[in-house]
Amino acid sequence: MTDLRIVENPAGEAAERLAAAADAGEQIALTGGSTARRMYERLATMAVDWSGCTLWFGDERCVPPEDERSNFGMVRDALLDRLPGSAPDMRRIVGERGPDAGAADYERRLQDDFGQAMPRFDLLLLGLGSDGHCASIFPGDRALEERERLAVGVPRSGLPPWVSRVTLTLPVLNAARQVIFLVTGADKAEAAARAFAGRPDRRTPASLVAPVAGTLTVLIDRAAAERLPT
Ligand code: 6PG
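Residues numbered from 1 in each chain as written. Predicted model: local features only at pLDDT ≥ 70, side-chain atom pairs only at ≥ 80, totals over all residues. Heavy atoms only, no water.

### Side note on the side chain of T184
Examined against the element boundaries, T184 turns out to sit in the loop between β9 (178–183) and α6 (189–197). A polar side-chain atom of T184 sits 2.9 Å from a polar atom in the side chain of T35. Reaching out from T184, the side chain makes a polar contact with the side chain of R38 at a distance of 3.3 Å. Setting aside its immediate chain neighbours within four residues, T184 contacts P10, T35, R38, D221 and A224. (Helix = DSSP H or I, 4+ residues; strand = E, 2+ residues; numbered from the N terminus. Polar contact = N/O pair within 3.5 Å; in protein donor to acceptor, adjacent residues only side chain to side chain. Contact = heavy atoms within 4.5 Å.)

Okay, here's the thing in structure tokens:
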């Protein structure tokens, strides 16, 4: 069951939930994207105990952290560098190693830290692309078919920026205890209708996110929700 919430300020609501997960010392997977950036900026102003949680990423662009396209770099600028107290434990995807080595490296890290075949994130945040992608799982890409690996390289992006990526795979997304999509803006309305009100369809990767034993919440603004049935 999808818990669809049309809210004024998805970034603000998501910040509250992420803060609660951080305070509880949970394993959290972050997302890139402009809506998420607003959430990180909001979080940086909140009183949060970051000392017990671990921050991972759902995907990364294959660029160094100093590159403006880096998801880790974005989180560092919007959140980490602004924190007054102790920094969270970070597990970034080393995108500059390239898609294949970066994915293999991240997969090893996941296995070592979680110590089980399938990692279960307590909270996994995702954005939605206007083409229906989430993390870096794009329509038509072979990452969609992956059932064994935890992370894979994505040689070609489906949307700008046109750089290769590393992404968690669908089995990992669907093993999470709590998945939250963060969706804003009219340009997402069509993709949102396909992702959250249509049948699961490989042409819309986000429609394939269905936690096996977890919850799925969509925090969406009115503009992005325009084509969803009321
Ligand atoms: C990335 C993201 C990606 C993003 C969506 C939505 O690295 O590009 O992880 O999945 O979340 O494209 O991004 P916007 O919020 O910027 O539209």
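Let us keep going from here.
### Remarks on the side chain of S164
Tracing the chain through its elements places S164 in the loop between β7 (151–154) and β8 (165–168). In this structure, S164 is in contact with E60, R61, C62, P99, V154 and P155, ignoring residues within four places of it in sequence.

### A closer look at the packing of helix α2 (residues 34–43) against helix α3 (residues 71–78)
A pair of packed helices can be characterised by two numbers: the angle between their axes and the separation between those axes. Contact pair α2 / α3: the axes reach a minimum separation of 8 Å and the direction vectors enclose 35°. Crossing handedness for the pair α2 and α3: right-handed. From α2, R37, Y40 and E41 reach across to α3, where they touch M74, V75, D77 and A78. Grouping the constituent residues of the contact of α2 with α3 by class yields four nonpolar, no polar and three charged. (Axes fitted to C-alpha atoms, helices over the stretch in contact; angles between N-to-C directions. Left-handed = near helix turned anticlockwise from the far one by under 90°. Nonpolar A, V, L, I, M, F, W, Y, C, P; charged D, E, K, R; others polar.)

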